[in-house]
Amino acid sequence: MNEIIMYGAAIVSVVLVVTMLIKKMDIKITLFGVGIILMYVALAMGNGIAIKDFQSTGMVLLDPLKAVMDEFKSTLPKAGFIILMLGGYSAYMTSIGANEVTVNTLTKPIKGIKSVYILVPVVFLIGNLLSLVIPSASNLAIILLATLYPVLRKAGMSTLTSAAVIATTATVMPTPLGGDNVAIATELAKYPEFANLTVTDYVVKYHAMISIPVLILMAVVHFFWQKYMDKKNPLANSADVELQDVKEIEGGWLYRTVYTLLPIFPIVLLIVVYFAKVQLSVEVATIISFIIAIICELIRKRNGSQVLKETESFFKGMGNSVPIVALLVSAGVFVLGLKSIGMISSLQNMMLGIQGSNMGFVLPLILVALTILIVMLSGSGTALFYALVPLVVPLATAAAISPIAISIPMGLVGNLMRAVSPVSAVVCIVAGSVKVNPLDIVKRTSVPMIAGVVCTVIMSLLIFL
């Protein structure tokens, strides 16, 4: 009877979560609610809360709520705090205008390139570099539509080609500042085989090995695909969009150089100390960069009161990142509910059945297929990944494969397929701005992104399986 309850509760909960993802409802509350209900189901089945050394409140009805608080306490000091710090630093860079300077500096050389189609891979790669500074695909697209789109159109690039390149600028750039990389690296570090793994370790040793070749491949495919599509559809230009002149950044070379580097300074610092064999955490690198940025502002403005007032944006930015932390915690609560009813143990036992059968590759393929389906239907590239982070190691261990063989393809494929979903925010924003149908954008983004997906999966399985 308990087994029937377990499978029934698990199926209903997963269907509910997937439905909410597809309908673009707030998935955090859904995950919290379903996770808590599953814990109550587990208690009714005679199971305990699946937390090691869990201390009961003494009242069974309150135990699931205490488990939620325990999950918050576990997540906040680790991945949660790092994400809050990164959100604060990014907001401060926007406040002092450093992000704008970086965008201007990196896109300025584009004006000197005369060949329209050479611009395609160049803009794609530069856009992905900018995603280091502006990790949100939607926000980056909005900025590039205002600053880069007029430049591309005036250079003779078609509307749809320009739109497709901008829609794919935030994909799989290897960065230790990415929230998804922080989440998975923190989770992996909990296990002995990945003890002391830092986010930089994860990105340099594993992520970059796949993502850099994939980025280069997609840049090349973009070149040929956009050229082919423009020849197939010579009327791909639109005269309906008013092109604005791009504002130049005022200031001397020293200002432009320093403020171009400030947004990416935490990354530079982490990479330098990594190769210098010095242990430096992301949060410490962020604080160092924040202090340097304040000093730069004091030198530039010579107004201590104003500079200190602007630092408030750092803390507001931390507050704006709380939803990402809440998503991590809610995903943990959901998985805790599944563990409590015994579903995770059941899945692990199923995975044990494929050990020694050379069928370990099936698990990554199933999860990648699920990722593609959810991203295409919901438009969210990372929600499913965050939800499955706590399951990566247990399932991989049961299937006798490396967790990296799951985390890398799932994380990368989710970010790639976002630009192929006609309901994703970035595609809708770009389509609305250039006044074309989202499906026309998807036709232009699909081939480069699918090529990236295929390359990601094949390389991940060959290298990490």
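Keep in mind that what you see is a predicted model, and the values were worked out from it rather than measured.

Trainee: Give a description of the packing of aromatic side chains that names residues and reports values.
Mentor: In this description, a pair of aromatic rings is defined by centroid distance and the angle of the planes. Tallying each qualifying case throughout the model produces 9 aromatic pairs. Each ring, one from F314 and one from F315, has its centre 5.4 Å from the other, and the planes form 75 degrees; the classification is edge-to-face. On the accessibility criterion, F314 (2% relative accessible area) is buried. F315 gets classed as partly exposed once you look at its relative accessible area, which sits at 45%.

Trainee: Describe the nonpolar core, listing the residues and the values that go with them.
Mentor: In this structure, Y92, Y202, L262, I341 and I441 are the most contacted members of the largest nonpolar core, which totals 151 residues. Setting aside anything within four residues of it in sequence, one finds Y202 in contact with N181, I184, A185, L188, L197, H207, I404, S407 and I408.

Trainee: If you had to explain the packing of helix 8 (residues 159-167) against helix 22 (residues 425-434) to someone new, which residues and values would you point to?
Mentor: Where helix 8 meets helix 22, the axes come as close as 10 Å, and the angle between the chain directions of the two elements is 150 degrees. One way to sum up the angle between helix 8 and helix 22 is to call them roughly antiparallel. Where helix 8 crosses over helix 22, the two elements pack in a sense that is right-handed. Facing T159, A163, I166 and A167 of helix 8, the residues of helix 22 in contact are V426, V430 and V434. Partitioning the contact of helix 8 with helix 22 into residue classes produces 6 nonpolar, 1 polar and no charged.

Trainee: Give a detailed account of the packing of helix 3 (residues 63-95) against helix 15 (residues 312-320), specifying residues and quantitative values.
Mentor: Here helix 3 crosses helix 15 at 135 degrees, and the two axes come no closer than 7 Å. Looking at the two axes, helix 3 sits oblique to helix 15. Helix 15 is crossed by helix 3, and the crossing has right-handed handedness. Contact residues: L84, M85, G87, G88, Y89, A91, Y92 and S95 in helix 3; S313, F314, G317 and M318 in helix 15.

Trainee: How would you summarise the environment of M173 if you had to cite specific residues and measurements?
Mentor: Within the secondary structure, M173 is located in the loop between helix 8 and helix 9 (179-188). When the C-alpha positions of M173 and L412 are compared, they lie 9.2 Å apart, and in sequence the two are 239 residues distant. With residues up to four places along the chain from it excluded, the contact list for M173 reads N128, L129, S131, L132, H207 and L215.

Trainee: With reference to specific residues and values, describe the side chain of S162.
Mentor: Structurally, S162 is set in helix 8. Beyond its immediate chain neighbours, meaning those up to four positions away, S162 contacts Y149, L152, R153 and M157.

Trainee: Just give me the short version of the layout of surface pockets, but keep the residues and values in it.
Mentor: Considered as a void within the structure, the second largest pocket measures approximately 650 Å³ in volume. Every residue lining the second largest pocket is counted, 28 residues in all, and those nearest its centre are V14, L347, L370, L388 and L391. Contributions of two or more residues to the lining of the second largest pocket are made by helix 1 (2-22), helix 2 (27-44), helix 16 (322-341), helix 17 (343-352), helix 18 (362-378) and helix 19 (383-388). Broken down by element, the residue count for the lining of the second largest pocket peaks at 7 residues, all from helix 1.

Trainee: Could you give me a rundown of the environment of S345, with the residues and numbers involved?
Mentor: Looking at the secondary structure, you find S345 in helix 17. Measuring from C-alpha to C-alpha, the distance between S345 and A398 comes to 9.5 Å, with 53 residues separating the pair along the chain.

Trainee: Break down the pattern of salt bridges for me, with residues and values.
Mentor: Two side chains with opposite charge may pair up if their charged atoms get near one another. Counted according to the given criterion, the structure contains 7 salt bridges. For K66, the salt bridge identified is with D70, shortest N-O distance 3.2 Å. Of this pair, K66 and D70 both sit in helix 3, 4 residues apart, which is roughly one turn of that helix. K66 gets classed as partly exposed once you look at its relative accessible area, which sits at 26%. Classification of D70 as partly exposed rests on a relative accessible area of 21%.

Trainee: Please set out a nonpolar patch on the surface residue by residue, giving values where relevant.
Mentor: On the surface, M209, I450, V454, I458, L462 and I463 cluster together into a nonpolar patch covering about 550 Å² of accessible area. Exposure remark for M209: the relative accessible area of 37% places this residue in the partly exposed category.

Trainee: Explain empty space enclosed by the protein to me, and be specific about the residues and the numbers.
Mentor: For the structure on display, the rule yields 2 cavities of 30 Å³ or more. Approximately 50 Å³ is the volume attributed to the largest cavity. Surrounding the largest cavity, D180, N181, I184, Y202, H207, F385, S407, G411 and L412 form its lining. Contributing elements (two or more residues each) for the lining of the largest cavity: helix 9, helix 10 (199-232) and helix 21 (404-417). Classifying every residue of the lining of the largest cavity gives 4 nonpolar, 4 polar and 1 charged. Considering only enclosed or pocket space, the second largest cavity measures out at about 30 Å³ in volume. Taken together, L367, L388, L391, V392, L395 and I406 make up the lining of the second largest cavity.

Cut-offs used in this document
Residues numbered from 1 in each chain as written. Predicted model: local features only at pLDDT ≥ 70, side-chain atom pairs only at ≥ 80, totals over all residues. Heavy atoms only, no water. Phe/Tyr/Trp six-rings, centres within 6.5 Å; stacked < 30°, edge-to-face > 60°. Buried < 20%, exposed > 50% of the residue type's maximum accessible area, 1.4 Å probe, protein only. Core = buried A, V, L, I, M, F, W, Y, C linked by side-chain atoms within 4.5 Å. Contact = heavy atoms within 4.5 Å. Axes fitted to C-alpha atoms, helices over the stretch in contact; angles between N-to-C directions. Helix = DSSP H or I, 4+ residues; strand = E, 2+ residues; numbered from the N terminus. Parallel < 35°, antiparallel > 145°, perpendicular 65-115°, else oblique. Left-handed = near helix turned anticlockwise from the far one by under 90°. Nonpolar A, V, L, I, M, F, W, Y, C, P; charged D, E, K, R; others polar. 1 Å grid on protein atoms, 1.4 Å probe; cavity = no way out; pocket = protein on both sides within 12 Å on 5 of 7 lines; lining within 4 Å. Points joined across faces, edges and corners; volume = space filled by probe spheres on them. Salt bridge = Lys/Arg side-chain N within 4 Å of Asp/Glu carboxyl O. Patch = residues over 30% accessible without salt bridge, like charges linked within 9 Å, V, L, I, M, F, W, Y side chains within 5 Å. Areas by Shrake-Rupley, 256 points an atom, 1.4 Å probe, with all protein chains shown as cover.

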